[in-house]
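Descriptive structure summary
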Amino acid sequence: MHSHHLLLEEPIRMASILEPSKTSFFPAMTKIVGTLGPKSRSVEVISSCLKAGMSVARFDFSWGDAEFHQETLENLKMAIKSTQKLCAVMLDTVGPELQVVNKTEHPISLQADSLVVLTPDQDKEATSNLLPINFSGLSKAMKTGDTIFIGQYLFTGSETTSVWLEVKEAKGEDVVCLIKNSATLSGSLYTLHVSQIRIDLPTLTDKDKEVISTWGVRSNIDFLSLSYTRHAEDVRQAREFLSTLGSLNQTQIFAKIENVEGLTHFDEILQEADGIILSRGNLGIDLPPEKVFLFQKAAVYKCNMAGKPAVVTRVVDSMTDNLRPTRAEATDVANAVLDGSDAILLGAETLRGLYPVETISIVGKICAEAEKVYNQDLYFKKTVKYVGEPMTHLEAIASSAVRAAIKVKASVIICFTSSGRAARLIAKYRPTMPVLSVVIPRLKTNQLRWTFSGAFEARQSLIVRGLFPMLADPRHPAESTNATNESVLKVALDHGKASGVIKSHDRVVVCQKVGDASVVKIIELED
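Before going into details, it helps to say that this report is about the structure given with it. (Residues numbered from 1 in each chain as written. Predicted model: local features only at pLDDT ≥ 70, side-chain atom pairs only at ≥ 80, totals over all residues. Heavy atoms only, no water.)

Counting secondary structure elements, the chain contains 18 helices and 24 strands. Its C-alpha atoms give the chain a radius of gyration of 24 Å, near enough to 24 Å, the size a compact globule of 527 residues would have. Its C-alpha atoms give the chain principal-axis dimensions of about 75 × 65 × 50 Å. Among the 527 residues that make up the chain, the fraction classed as buried is 54%. Within the chain, contacts between residues separated by at least 24 positions form 70% of all contacts whose residues are at least 6 apart in sequence. For the chain, the computed accessible surface area is about 23,800 Å², with 54% contributed by carbon and sulfur atoms. Taking the 58 positively charged and 61 negatively charged side chains of the chain as two groups, their mean positions are separated by 5 Å. (Helix = DSSP H or I, 4+ residues; strand = E, 2+ residues; numbered from the N terminus. Rg over C-alpha atoms; globule rule 2.2 N^0.38 Å. Buried < 20%, exposed > 50% of the residue type's maximum accessible area, 1.4 Å probe, protein only. Contact = heavy atoms within 4.5 Å. Areas by Shrake-Rupley, 256 points an atom, 1.4 Å probe, with all protein chains shown as cover. Lys, Arg positive; Asp, Glu negative; His and termini not counted. Charge placed at Lys NZ, Arg CZ, Asp CG, Glu CD.)

Among all positions of helix 16 (residues 421-428), only Ala423, Leu425, Ile426, Ala427 and Lys428 are buried. Of the residues flanking the end of helix 16, it is Arg430, one or two places downstream, whose phi is positive at about 50 degrees.

Glancing now at the sheet that holds strand 16 (residues 310-313). Pairing is parallel around the closed barrel formed by eight strands, whose spatial order is 1-2-3-13-14-15-16-17. Sheet twist, expressed as the average angle between the axes of neighbouring strands with direction ignored, equals 25 degrees. Contacts from helix 3 (residues 66-83) reach strand 2 (54-60) and strand 3 (88-92), with the element oriented near 165 degrees to strand 2. (Pairing = 2+ DSSP bridges. Axes fitted to C-alpha atoms, helices over the stretch in contact; angles between N-to-C directions.)

Let us now look at the sheet that holds strand 19 (residues 435-439). Strand order in the open sheet formed by five strands is 22-19-18-23-24, with mixed pairing between adjacent strands. On the outer flanks of this sheet lie strand 22 (467-471) and strand 24 (517-524), each paired with one strand and no other. Direction aside, the axes of adjacent strands within the sheet are offset by 20 degrees on average. Pairing between strand 19 and strand 22: five bridges, direction parallel. Opposite Val439, over in strand 22, you have Leu471 as the bridge partner. Packing of helix 15 (residues 393-407) onto the sheet brings it into contact with strand 18 (412-417), strand 23 (507-514) and strand 24, and relative to strand 24 it is tilted by some 5 degrees. Strands in contact with helix 16 are strand 18, strand 19, strand 22 and strand 23; relative to strand 18, the strand with the most contacts, it is inclined by about 150 degrees.

So, on to the environment of Lys77. Take Lys77: it is sitting in helix 3. Classification of Lys77 by relative accessible area gives partly exposed; the value is 43%. Once the C-alpha coordinates of Lys77 and Val43 are considered, the two residues, 34 residues apart in sequence, prove to be 8.7 Å apart.

Okay, the packing of aromatic side chains next. This model, assessed by the stated rule, comprises eight aromatic pairs. Judged by centre distance (5.1 Å) and plane angle (65 degrees), the rings of Phe61 and Trp215 are edge-to-face. Here Trp215 lies in helix 5 (residues 206-219) and Phe61 lies in the loop between strand 2 and helix 3, a separation of 154 residues in the sequence. The pair formed by Phe61 and Trp215 is uniform in burial state, with each residue classed as buried. Between Tyr374 and Tyr379, the ring centres sit 6.0 Å apart and the planes meet at 50 degrees, which makes this aromatic pair tilted. With a relative accessible area of 8%, Tyr374 lands in the buried category. We note Lys31 situated over the ring of Phe468; from NZ or CZ to the ring centre the distance is 4.7 Å. (Phe/Tyr/Trp six-rings, centres within 6.5 Å; stacked < 30°, edge-to-face > 60°. Lys NZ or Arg CZ within 6 Å of the ring centre and 35° of its normal.)

So, about the nonpolar core. Counting residues in each nonpolar core, the largest one holds 68 residues, and the members touching the most others are Met54, Phe59, Ile212, Trp215, Phe266 and Ile276. When neighbours within four sequence positions are excluded, Phe266 is seen to be in contact with Ile257, Ile276, Leu278, Phe295, Ala299, Lys302 and Cys303. Val33, Ala88, Ile397 and Val435 belong to the second largest nonpolar core, which has 33 residues in total. (Core = buried A, V, L, I, M, F, W, Y, C linked by side-chain atoms within 4.5 Å.)

It is worth spelling out helix 3 at this point. Its 18 residues give helix 3 an end-to-end C-alpha distance of 25 Å, which sits within 8% of 26 Å, the value for a rise of 1.5 Å per residue. Listing the buried residues of helix 3 in full gives Phe68, His69, Gln70, Thr72, Leu73, Asn75, Leu76, Ala79 and Thr83. On its buried face, helix 3 is in contact with helix 2 (43-52), strand 2, strand 3 and helix 5. (Expected span 1.5 Å × (residues − 1).)

Let us now look at unusual backbone geometry. Backbone phi values are negative for most residues with the exception of glycine, while trans is the configuration of most peptide bonds. Residue Pro390 is bonded to the preceding Glu389 through a cis peptide linkage, with omega at -5 degrees. As for its position among the elements, Pro390 is in the loop between helix 14 (376-387) and helix 15. Of note, the phi angle at His505 is positive, near 70 degrees, even though the residue is not glycine. Within the fold, His505 resides in the loop between helix 18 (482-498) and strand 23.

With that settled, consider the packing of helix 3 against helix 5. One can describe the packing of helix 3 onto helix 5 by two numbers: an axis separation of 11 Å at closest approach and a directional angle of 5 degrees. Our classification of the angle between helix 3 and helix 5 gives roughly parallel. On helix 5, the residues that touch Ala66, His69, Gln70 and Leu73 of helix 3 are Trp215, Arg218 and Ser219. Considered class by class, the residues forming the contact of helix 3 with helix 5 number three nonpolar, three polar and one charged. (Parallel < 35°, antiparallel > 145°, perpendicular 65-115°, else oblique. Nonpolar A, V, L, I, M, F, W, Y, C, P; charged D, E, K, R; others polar.)

Rendered as structure tokens:
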């Protein structure tokens, strides 16, 4: 772990802390993933979320059916059209999630120091001393003294609706537990988390596969968030499955690290996955509290060096019911940015929270403030050192573009790309200015019809810190004569001017292919 992640000019002007935050077209370089649910699915609310800074919409299939999510998706499309803001779609799988089944939905009162039995018999009714669960192998996996946590789905930790149990004994398929704290379980969906125990269930369940092959294909999902990823093999199997589903072979897989098993195999998982989601809710149960921050810092650093997006979850839980985050939460968001996170993922805060739009707005503001004091110089040197020499052709071009942009104080880097790889590499070096990635569509044919690629690549950069995509006109090829390059550049510059990131007399660094060569050039704008 490295210190000096902060770049604070000496002496720190305390007065500058009191200056109001300036708003800009891009609320922050760090991206925000919002989970759409009951409180955030109308066209009006989604439009406000997009304007506030959400760039990826997450559809969580632990909650609601395909019809419910389809309706939300239609509203998202309308909101994108009316706000003219791009937004990517992420499908979050259920995975091997253990759940308490409460068919009657009556509240269940649990008293500390009394006993409760967990049974796989789902036909039984949930009561204060009997809780039916959706897994029959629990008694084999548990031993006396093990810890079990039961909480409302996306529990925030502050509710009185979560309970800790200690395993006393196994009776056949049932598990007898001692209740450690009094609580009332209300609602229908409770997740059950067993500390540091291997649950023998597939990572991609049959239900997940069905959802991906129907709703996922229909919705052309950009990202698949693979819940409870425990091994690199989980990611390989998911990729194999996606490759059989036509256009979904382009979908990026984000491995969700939720338990000690995923943490143990982190390096192999990172190699296979396109990005990582640190699911701090479940990790916070599996890890001792004093170790959570250490894993976050180590994991985000590894993602940064690999040039793969790192997404941090569970940051402003208290905003589920409150208009302002706690001091600890506000600091936590800033620290996630200073650690190097690409995106912040909001769960309960936007899914069932009372203030989805305000939450996105406040998180964006905190991210923007933290970015101002992010020590880019130190990070750049660290990354160059890590990559080592000789660098690959692309890596050398990307790092040179960022270095040049910083030296000439460019207001923006414009990168022409068709696969999105060049733009992601530039973003890997964390430039202090936005990177406009101009995605040049490619024409593809299957002998029956023509299609353009590029939309996937553009949307997939919406989760990368500092990367802002725009789709070029397909009539402008990426590697053709100077004249067409100039016209695409003009469109990109106009887009930058319209969004307020480029002004006259600014310097701009452009990264593009001319013939077989990659070129980095610096241009100074006239009036």
